[in-house]
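# Inside the fold
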Number of protein chains: 2
Amino acid sequence: MELDERKLKILQGIIRNYLDTGEPVGSRTISKYTDLNLSPATIRNEMADLEELGYIIQPHTSAGRIPSDKGYRLYVDNMMKEKEQELKEKEKEVDDMREFLNEKVDKVETLLKNMAKMLANNTSYAAMISAPSIHKNRLKFIQLSQVENHKMLCVMVLEGNIIKNKIIDVNEEIDNETLLKLNILFNSNLNGLTLEEINLSIISKMNGQAGAQLDLARSVLDAVAEAISSEDNLEIYTSGATNIFRYPELSDSSRAKELISTFEEKQMLSSLVDRDDDNREIKVYIGEETPVKTMKDCSVITATYELEEGVQGTIGIIGPKRMDYEKVVDTLKEFKNTLDSVYKKKE
Amino acid sequence: MELDERKLKILQGIIRNYLDTGEPVGSRTISKYTDLNLSPATIRNEMADLEELGYIIQPHTSAGRIPSDKGYRLYVDNMMKEKEQELKEKEKEVDDMREFLNEKVDKVETLLKNMAKMLANNTSYAAMISAPSIHKNRLKFIQLSQVENHKMLCVMVLEGNIIKNKIIDVNEEIDNETLLKLNILFNSNLNGLTLEEINLSIISKMNGQAGAQLDLARSVLDAVAEAISSEDNLEIYTSGATNIFRYPELSDSSRAKELISTFEEKQMLSSLVDRDDDNREIKVYIGEETPVKTMKDCSVITATYELEEGVQGTIGIIGPKRMDYEKVVDTLKEFKNTLDSVYKKKE
DNA sequence: GTTAGCACTCTAACAAAATGAGTGCTAACA
DNA sequence: TGTTAGCACTCATTTTGTTAGAGTGCTAAC
């Protein structure tokens, strides 16, 4: 059996309608809703076919049809494409947004929190933003200072003015001279490098220069590596988790609890964060496709943003499977563009 | 009508029972449950009195009674006192906890997040911890460095090793010498002072010393003031928000949504944060008493901890009105003690 | 002051019946 | 051959009625 033009139109009708109402869609509705001018009976035949093909599902015998994951997938892949244009006209908005964001925001953290909130408000779904992963990011400089007797503060500034602090416990006393020396040592060797580039050869080279402060230098190096790379370093901001209560199919206690827990334990979202930079597409996960098992009744759309060259993070929307894919994709593109340019254009 | 011994005992019985079961308590139950050896009929008479006095409520005619806010209040104020002892024996636990916490925790932030999680797990209610309010906190030192051409990084370390960063936009070029001078200027004038003490007289004194860099110094000072004092600086960590789903009386969609939104928008919890240091008691808010309106169906228990002299924050538990007050108060005391000592004993 | 007894109330649980949306199938039609 | 009207059927939802049980308040007796 083939998926001809007409079946496609009917499927589209079913999905569009279901996105609106959240209720199973019957043949009668489609008969009126589409411009095909077919009787409900004919629609029914087609629907039976569509069901056999796996695009729609009947929750129970005497109900209308709802899209299956496969149906949504088809919809997202093929039917949405038509809308690709008209993205231009939103450039203005983006500018407005950028202006607003520039005002009060000097910390990336605050920027991202705000973005998450706006994203959730704009879409009525739940939003997440991962702080840019810095493992490809370049070190701008390091500043060591003494905090108390056996404690040093190590401030690391990364490309994009992301700041990391770490307090280092050291065994020895540190005098000012040593501190100065270490500062110079680190800054002259490490600046401008990514974590990946700070590897064995460089470390051994530094070992040679460190001289008496070898131990000290090593513990600083450890700290730097840990602060920059450590897994739990992946900050994720979320907003609008409670938006799921707008959708009855996600609102029953157990489902809601599971979902909201996922947002609370933000680490559980880390599998949504895209770490490979090759693929910059917008990704749409439908139902079972999502990497987060607790979200199998949801759809997830993610995009990768880039604050500066190599400083990438992920923004995402989590909503019901019947979410407004087109709008979300558009919104996500907008936000992605804003984030992409907020720091770059500034300069 | 008086609240005699017997009525008190019956009230206590009702509350205890209701805390356990969450179901309205009938006269029959109390007749068996207490050691008063009274028939259900007698109990009924007493219950009618208790209702008239406002301590208990009948959800509907043919149901048992449940405690009113006033009833809970009486219970918390009078009946719980008996348990005051036996806090000693838990000292060991506290030590264990401290050990665990010291291990991986170098940042206060991480410490508090962990504490919140433990608190929620320990109690099965929702937990919140406010980061210590630093407005009475002392500045340990300031470190200015140049990030890019017209940007300085200002790192402030406060007593308790709380670290604040701020990137400052400046108009002029800054050379190394100026930077050094400013660093010395700030550190020699501001160190060891609270924000409140950094006031006009000091600022004017500094103005005199700043010389050519007056503008620069002023913008740094602004930044310091803003970073230290700004209102939205109040960080609050929460955990276990979804625990409310354990309690049917809080689980219906609208209530749950409201509550969980409150946890998501953590600013809404700020009214629970105790800013006046005089009163270090554990506070119990029952139902309508709580300062957060969305929590009128909950009870809230808070305590103030003190990481170091003057570095105070609030820990709190939010749960159903029928929460286990005694356990929560105990647990909160424990955690408070741990936090009170975690940094102090370390030295 | 306490209690047994009783009529009464109201909820929760269950079952039966009515409703209605939607289907699949067949037969007729163009 | 594709389309449609008609009809019997299915099944979730809603409505209605019934019952059981928990609990009460009140009265009268102890």
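## Some points on the relation of the copies chain A and chain B
Mapping one chain copy onto the other needs a rotation about an axis and a shift along that axis. Take chain A, turn it by 179 degrees, move it 0.0 Å along the axis, and it overlays chain B with an RMSD of 0.2 Å. Here the two chains are linked by the operation of a two-fold rotation axis.

## Some words on the protein's contact with DNA strand D
Neighbouring DNA strand D are 21 residues; R6, T42, T61 and S62 of chain A together with S27 of chain B lie closest to it. Looking at DNA strand D alone, sugar and phosphate atoms form 75% of those within 4 Å of the protein. At 3.1 Å from a base oxygen of DNA strand D is found a side-chain nitrogen or oxygen belonging to S62 of chain A. Elements supplying a minimum of two residues to the surface near DNA strand D: α3 (40–52) of chain A together with α3 (40–53) of chain B. The element best represented in the surface near DNA strand D is α3 of chain A, accounting for four residues. Taken together, the residues of the surface near DNA strand D break down into four nonpolar, 13 polar and four charged.

## Concerning the interface of chain A and chain B
Opposite the 38 residues of chain A that make contact, chain B presents 38 residues. Buried area between chain A and chain B, both sides added, is near 3,200 Å², and the carbon and sulfur share of it is 49%. For the pair chain A and chain B, the number of links is eight residue pairs in polar contact (both at pLDDT 80 or more). Sorting the residues of the side of chain A that touches chain B by element identifies α6 (108–123), β4 (139–148), β5 (151–158), β6 (162–169) and α11 (253–264) of chain A as the ones contributing at least two each. For the side of chain A that touches chain B, the element with the most residues is β4 of chain A, which contributes seven residues. Looking at the side of chain A that touches chain B, its residues break down into eleven nonpolar, twelve polar and 15 charged.

## Section: the protein's contact with DNA strand C
Taken together, 21 residues lie near DNA strand C, and S27 of chain A together with R6, T42, T61 and S62 of chain B sit nearest. In the interface set of DNA strand C, defined as its atoms within 4 Å of the protein, sugar plus phosphate atoms amount to 77%. A distance of 3.4 Å is found between a sugar or linking oxygen of DNA strand C and a backbone nitrogen or oxygen belonging to A63 of chain A. R44 of chain B is positioned such that a nitrogen or oxygen atom in its side chain is 3.4 Å from a base oxygen of DNA strand C. Secondary structure elements with two or more residues in the surface near DNA strand C: α3 of chain A together with α3 of chain B. By residue number, the principal contributor to the surface near DNA strand C is α3 of chain B, which donates four residues.

Parameters at a glance
Residues numbered from 1 in each chain as written. Chains lettered and ligands numbered in written order. Predicted model: local features only at pLDDT ≥ 70, side-chain atom pairs only at ≥ 80, totals over all residues. Heavy atoms only, no water. Least-squares fit on C-alpha atoms with pLDDT ≥ 70 in both. Near = heavy atom within 4 Å. Polar contact = N/O pair within 3.5 Å; in protein donor to acceptor, adjacent residues only side chain to side chain. Helix = DSSP H or I, 4+ residues; strand = E, 2+ residues; numbered from the N terminus. Nonpolar A, V, L, I, M, F, W, Y, C, P; charged D, E, K, R; others polar. Contact = heavy atoms within 4.5 Å. Buried area = accessible area lost by both parts, 1.4 Å probe.

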